[in-house]
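Below are the chains, spelled out letter by letter.
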Amino acid sequence: MSFQPAQLALFASWIATGLGMAMWLWTWVREKDPIKRLRFSDCGVVLIFASILTRIVVQERAMSVFDWAMVFVGPLFITAALWRLARTACPGDRG
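Since this is a predicted model, take the numbers as computed values, not measurements. (Residues numbered from 1 in each chain as written. Predicted model: local features only at pLDDT ≥ 70, side-chain atom pairs only at ≥ 80, totals over all residues. Heavy atoms only, no water.)

A. Inspection of the nonpolar core at higher detail. Core analysis: the biggest nonpolar cluster contains 10 residues, these being Val 45, Val 46, Ile 48, Phe 49, Ile 52, Leu 53, Ile 56, Met 70, Ile 78 and Ala 81. When contributions to this core are tallied by element, the ones reaching two or more residues are helix H2 (34-58) and helix H3 (65-87). The leading source of residues in this core is H2, at 7 residues. When sequence neighbours within four positions are dropped, the list of residues in contact with Phe 49 reads Met 70, Gly 74, Phe 77 and Ile 78. (Core = buried A, V, L, I, M, F, W, Y, C linked by side-chain atoms within 4.5 Å. Buried < 20%, exposed > 50% of the residue type's maximum accessible area, 1.4 Å probe, protein only. Helix = DSSP H or I, 4+ residues; strand = E, 2+ residues; numbered from the N terminus. Contact = heavy atoms within 4.5 Å.)

B. Representation of the side chain of Asp 67. In this structure, Asp 67 sits in helix H3. Overall, the relative accessible area of 4% leaves Asp 67 in the buried class. A polar atom in the side chain of Asp 67 sits 3.3 Å from the side chain of Arg 61. (Polar contact = N/O pair within 3.5 Å; in protein donor to acceptor, adjacent residues only side chain to side chain.)

C. Fine view of the pattern of salt bridges. Enumeration according to the criterion identifies 2 salt bridges in this entry. Of the charged contacts, one joins Asp 67 and Arg 61 as a salt bridge, the two residues approaching to 3.3 Å between their closest N and O atoms. Owing to a relative accessible area of 52%, Arg 61 belongs among the exposed residues under this scheme. (Salt bridge = Lys/Arg side-chain N within 4 Å of Asp/Glu carboxyl O.)

D. Summary view of the side chain of Thr 17. As for its position among the elements, Thr 17 is in helix H1 (residues 5-29). In this structure Thr 17 comes out as buried when scored by relative accessible area, which is 13%. Here the side chain of Thr 17 touches Ser 13 through a polar contact of 2.9 Å, landing on its backbone oxygen. Setting aside its immediate chain neighbours within four residues, Thr 17 contacts Ile 48, Ser 51 and Arg 55.

What follows is the structure, given as structure tokens:
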């Protein structure tokens, strides 16, 4: 049994979605430190939106209105989360 690249991307995107949801839920259930909570939440958002965009790219059907909305809104959320991750990085990590 061999995977095609689109099948592999779809499988990896579902794993990333699960990991992103787990990180996002961790912020609400376990994490008490506000900075760590924000960082876990941002990492989860990046993983979730990137996996949604991956699934949109590899789908075989025509794009719907929701797909087009995610194509335009998803990168904005990813960019905002990455910007916040860069802003909350430890000072020693900046080289």
